[in-house]
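# Summary of structural features
Each chain, letter by letter, is given below.
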Amino acid sequence: MSSPIIKLDNVQQVFSNRTVLSIETLELGEGEIVGLAGPNGSGKSTLLKLLAFIDSPTSGVIEFCGIPTSNKPGAVHRQATLLVQEPYLLKRTVYANIAYGLRVRKKNDISTKVHNALVEVGLDPNSFSQRQWFELSGGEAQRVALAARLVLKPKVLLMDEPTASLDTKSAQLIRTAALNARDQYGTSLVIASHDLPWLGEVSDRTIHLEHGKIVEIT
Ligand code: ADP
Ligand code: MG
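Being a predicted model, the structure only gives us computed values, none of them experimental.

A word on the packing of helix α3 (residues 94-104) against helix α6 (residues 138-150). Interhelical geometry of α3 versus α6 gives an angle of 25° and a closest axis separation of 7 Å. When the interaxial angle is binned, α3 and α6 end up roughly parallel. Crossing hand, α3 versus α6: right-handed. Residues V94, N97 and I98 of α3 touch α6, and the partners they reach there are V144, A147 and A148. Broken down by class, the residue content of the contact of α3 with α6 amounts to five nonpolar, one polar and no charged.

In structure tokens, the structure reads:
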């Protein structure tokens with residue numbers, strides 16, 4: 001593998017004196033697609049929050065592009081983004097939700113980028129841009145949440161059971177849009193899912209967790 005985007009070295013996460021995650025070594029390459037499988041409580045979400053730099057590990061080192069993240073927490077936080085099963089949207093319009101990150105980063109051509117991001121997740125910009133957050137179905141809300149992430153061209157997109165509670169059409173659009181991001185921008189994907197056939201189909205490798213440990217890689 002060329003130099004990894006994210007590298008974990010002897011990482012442990014401990015909650016209330018209980019080690020819920022213990023990873024000796026794990027590397028994520030640029031443009032790589034990694035599946036995360038394992039029963040409920042095996043540590044998938046805990047690992048994704050570390051990879052998204054939302055939580056810090058109790059012990060061990062996580063490097064982002066060769067730099068330990070403890071040195072630069074703010075800078076790396078923006079390079080990875082996590083899509084969770086129940087998306088959090090700003091209590092505003094679809095447009096405002098997708099434009100938000102672009103504004104924070106002082107990007108140009110915001111309306112064009114929002115438009116393209118909506119098309120990317122299969123939502124017609126004409127009918128969705130001005131809709132309020134409460135006017136969306138679960139699948140539409142999840143697609144808006146994904147569009148708000150893809151519009152920032154993240155280096156790493158983490159997805160925590162992204163399609164678990166969605167209608168077939170939304171699930172398919174989420175899957176396709178994530179793969180397109182990989183193909184267009186070289187975004188690395190880490191996908192936690194119980195859908196093993198899907199992981200087997202799209203992933204370069206699938207990591208199987210049990211009790212917080214890697215038990216198999218397929
Ligand atoms: P999965 O996503 O595979 O279902 P999780 O990573 O959510 O598993 O959880 C792994 C273990 O860590 C579980 O036993 C869970 O109860 C525990 N856990 C997760 N987050 C916390 C927390 N913030 N405080 C205490 N225990 C936690
Ligand atoms: Mg989970």
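That was the structure; now back to the text.
To continue, consider empty space enclosed by the protein. What the rule picks out here adds up to three cavities of 30 Å³ or more. As a volume, the largest cavity reaches approximately 60 Å³. Around the largest cavity, the lining residues are L26, E27, L28, V34, L36, L47, L51, V190, R205 and I207. Top contributing element to the lining of the largest cavity by residue count: strand β2 (residues 18-28), with three residues. Partitioned by chemical class, the residues of the lining of the largest cavity number eight nonpolar, no polar and two charged.

What follows deals with the layout of surface pockets. Of the voids in this model, the largest pocket is the one considered here, and its volume is about 730 Å³. Lining the largest pocket are 27 residues, and of these T81, Y100, A148, R149 and L152 sit closest to its centre. Mapped by element, the contributors of at least two residues to the lining of the largest pocket are β6 (80-83), α3 and α6. Looking at which element gives the most residues to the lining of the largest pocket, the answer is α3, with five residues.

Conventions used here
- Residues numbered from 1 in each chain as written.
- Chains lettered and ligands numbered in written order.
- Predicted model: local features only at pLDDT ≥ 70, side-chain atom pairs only at ≥ 80, totals over all residues.
- Heavy atoms only, no water.
- Axes fitted to C-alpha atoms, helices over the stretch in contact; angles between N-to-C directions.
- Helix = DSSP H or I, 4+ residues; strand = E, 2+ residues; numbered from the N terminus.
- Parallel < 35°, antiparallel > 145°, perpendicular 65-115°, else oblique.
- Left-handed = near helix turned anticlockwise from the far one by under 90°.
- Contact = heavy atoms within 4.5 Å.
- Nonpolar A, V, L, I, M, F, W, Y, C, P; charged D, E, K, R; others polar.
- 1 Å grid on protein atoms, 1.4 Å probe; cavity = no way out; pocket = protein on both sides within 12 Å on 5 of 7 lines; lining within 4 Å.
- Points joined across faces, edges and corners; volume = space filled by probe spheres on them.

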